[in-house]
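So the chains spell out like this:
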Amino acid sequence: MTAGIDLGQPQAQSVRSDEDVVRVRQLVRAVAVASKLSLVDQTKVVTAASELARNTLVYGGGGSVEVTVVENGRRKGVQIVFADSGPGIADLDLAMTDGYTSGGGLGLGLSGSRRLVDEFQIETSVETGTRITVTKWSR
Amino acid sequence: MERVPILKIGDILLVSIQLDMSDQTAVQLQEDLAERIVATGCHGVIIDITALDIVDSFVGRMLSTIASISKVLDAETVVVGMRPAVAITLVELGLSLNGIRTALNVERGMELIAAAHADELDYQLDDDPDAETATP
Amino acid sequence: MALSTEESGRFAALLSGQDERVTTRWTEIVTSSLRGRLSQAELRRQVQDLHRAIVSTGEQGIIELSADSAAELRAALSELSRGRARQGFSATETTVSIFALKDVLAELVQESGGPNALQDYVAFSKLVDEMGLFTFESFVRTRESLIADQAEQLLELSTPVVKLWEGVVAVPLVGTLDSARAQVVMERLLQTLVDTSSPYAIIDITGVPAVDTQVAQHILKTVVAARLMGADCIISGIRPQIAQTIVALGIEFGDIATKASLADALRHVLRLNGVETARRQPRRDA
């Protein structure tokens, strides 16, 4: 399913079900390979994407993921945007704490995936939902 | 939905996860395995994750739960074949897989289960017999 | 900031009209600034190349450094800065070779006089400034890629993972561990565990001069990752100062086995494995 994708364009994937989370992982992996990320960095960014896509599904009530190859001078990278129009995150500081969970998870989704990527931005509000942008650069 | 096959080899149940599991498949595996442990009366479970290119917190939690469930059902669980990149990522993610025994490959995993089982049959207070276990 | 067609024409004419004199004078100024580290002949050739590139660009009309027509000029400038960067010249020494053209131009313009002398000189000198900046930029780029190459070579050099015994591998760390190197070491060690199916790894830090929190963290992460994979790590060769730093920094090594020397670590592993070593009385374990 990842064959023949045009990596010059942002790749979009909606997140409505479990299977979509798997699709997000496969998409991110394909883009990470194309951006020449090392094996460990590929694994890190795919894991982060898996955590965040699951958050989008479970806490955001579904949403969309967009994966783009970005370039910064000599380095390439993968940028992923997770957007949902769910209830937003009431206490961001608390949500970013290791071990905190409002659902039934391990509470590592947000805090853990932040450690796995190089850049991590989060915008959240009750009206518009949550939008998380992460970037992983090749070394 | 796809299902992960469970093989019985002697006194051991072998689960080799070969696909990128959806969360539902993972939960299904957890249930299937509990049933098979009871049905077969096996004392060891080996979960081979050589083919998994990532383990996220959901799969990590599933592995922990399987280990706990099998312990209650008097079976030892060993997770084998974790790739280096996966291990490094789990450390960074902050997932410690507490309570799970690990081994490098299926063969070492079987040794571990055999040793644990032998200990139970012939218990003795000697030097730490669990030297090969991975969890503190 | 291009020169107009007229200015370009005058510029090219000025330089080509007395080309012998321009290159000689230019070479003189550059030679004195480099204090004999490059031969006069070599410098003369470089200056002539530049001179030729400038004149031929000027003859085509407008001189605009970023335009397609100036490709030859840009190539000549980057060629010069690449060469200097590789030979170890400083950025100043490299760009001065371009700025020297200003001195030559000042002399020429002064002699020729003319109604537009001042205006021309200002315009010419702006172009030279641009050329200088371009040279500086490509000098920096060359240096950066040199540094990146060297860093990569260093990583390749670092740390072999050696097999000590059946099921026991060791990695003798030598030198300072930065984040990138620690990562390479960690990955290589873990991969070797898989490849050789070794349940024990010894990390020997005898050759590590100092341990800070970050280095300690990297070692700890390696140990935890190895455990996740089903292997055990032993750290050996902790020197007294390092032991003090570890305690002073409050780094928890937890239940990780530490041994004074590589030999002790190996003995420890072999004993765990049930292999008898000479120090101990032979006995049979169940």
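Please read these numbers as outputs of a predicted model, since none were measured by experiment.

Analysis parameters
Starting from 1, residues in each chain are numbered consecutively following that chain's sequence as written. In the order they appear in the text, chains get letters beginning with A and ligands get numbers beginning with 1. Per-residue local features are limited, in this predicted model, to residues with pLDDT of at least 70; the limit for side-chain atom pairs, both in listing and counting, is 80 or more; totals at the level of whole chains, interfaces and linings are taken over all residues. Water and hydrogen atoms were dropped before computing side-chain values, which therefore reflect all heavy atoms in the structure. Under the scheme used here, helices are H or I runs from DSSP no shorter than 4 residues and strands are E runs no shorter than 2 residues, and both carry numbers assigned from the N terminus. Under the scheme applied here, a residue whose accessible area is under 20% of the maximum for its type counts as buried, over 50% as exposed, and between as partly exposed, the area being computed with a 1.4 Å probe on protein chains only. Areas reported as accessible are Shrake-Rupley estimates using a 1.4 Å probe. Residue values count occlusion only from the protein chains shown. By definition in these notes, contact holds between two residues if any of their heavy atoms fall within 4.5 Å. Simply put, the buried area is the total loss of 1.4 Å probe accessible area from both parts when two parts are fitted together. Basic side-chain nitrogens of Lys or Arg form a salt bridge, by our definition, when they fall within 4 Å of a carboxyl oxygen of Asp or Glu. Here a polar contact is taken to be a pair of N or O atoms separated by no more than 3.5 Å, where protein atoms must pair a possible hydrogen donor with a possible acceptor and residues adjacent in sequence count only if both atoms sit in side chains. Nonpolar residues are Ala, Val, Leu, Ile, Met, Phe, Trp, Tyr, Cys and Pro. Charged residues are Asp, Glu, Lys and Arg, and all others, Gly as well, are polar. UniProt positions are given in the numbering used here, feature names are shortened, and annotations may be inferred rather than shown by experiment. In summary, the pairing rule links any two rings of Phe, Tyr or Trp, Trp by its six-membered ring, whose centres are within 6.5 Å, and it sorts them by plane angle into stacked for under 30 degrees, edge-to-face for over 60 and tilted for everything else. Two conditions define a charge sitting above a ring: the NZ of Lys or the CZ of Arg must be within 6 Å of the ring centre, and it must be within 35 degrees of the ring normal. Each residue carries a pLDDT value, the predictor's own confidence for that position, ranging from 0 to 100.

**Remarks on the overall build of chain B**
Line of reasoning, step 1. Along chain B, the regular secondary structure elements total 4 helices and 5 strands.
Line of reasoning, step 2. Listed by position from the N terminus, the elements making up chain B come as β-β-α-β-α-β-α-β-α.
Line of reasoning, step 3. Scored against the burial criterion, the 136 residues of chain B give a buried share of 53%.
Line of reasoning, step 4. As displayed, chain B offers around 5900 Å² of accessible surface, 52% of which is attributable to carbon and sulfur atoms.

**Points about the interface of chain B and chain A**
Line of reasoning, step 1. Facing 20 residues of chain B, the contacting portion of chain A comprises 23 residues.
Line of reasoning, step 2. Buried surface at the junction of chain B and chain A, summed over both partners, amounts to about 2000 Å²; 56% is from carbon and sulfur atoms.
Line of reasoning, step 3. On the chain B side of the interface with chain A, the three residues burying the most area are Ile54, Glu92 and Leu93 of chain B, jointly 28% of the side's total.
Line of reasoning, step 4. Put simply, chain B and chain A have 6 salt bridges between them.
Line of reasoning, step 5. The shortest N-O distance in the salt bridge between Asp56 of chain B and Arg25 of chain A comes to 3.6 Å.
Line of reasoning, step 6. The interface formed by chain B and chain A includes 10 residue pairs in polar contact (both at pLDDT 80 or more).
Line of reasoning, step 7. Contributions of two or more residues to the side of chain B that touches chain A are made by helix H1 (23–40), helix H2 (57–72) and helix H3 (84–93) of chain B.
Line of reasoning, step 8. When its residues are assigned to classes, the side of chain B that touches chain A shows 9 nonpolar, 5 polar and 6 charged.

**Thoughts on the UniProt feature "domain: STAS" (unreviewed entry) in chain B**
Line of reasoning, step 1. Per the UniProt record, the feature "domain: STAS" (unreviewed entry) sits at residues 2–113 of chain B.
Line of reasoning, step 2. Helix makes up 46% of residues 2–113 of chain B and strand 20%, and the two end C-alpha atoms of the span are 28 Å apart.

**Section: the packing of aromatic side chains**
Line of reasoning, step 1. The tally for this structure, following the rule as stated, stands at 0 aromatic pairs over all chains.
Line of reasoning, step 2. Over the face of the ring belonging to Phe89 of chain C we find Arg84 of chain C, whose NZ or CZ atom lies 5.7 Å from the ring centre.

**Re the confidence of the model for chain C**
Line of reasoning, step 1. When pLDDT is averaged along chain C, the result is 82, and 93% of the positions lie at 70 or above.
Line of reasoning, step 2. Mean pLDDT across the elements of chain C ranges from a minimum in helix H1 (residues 5–17) of chain C, with 77, to a maximum in strand E4 (residues 232–236) of chain C, with 93.

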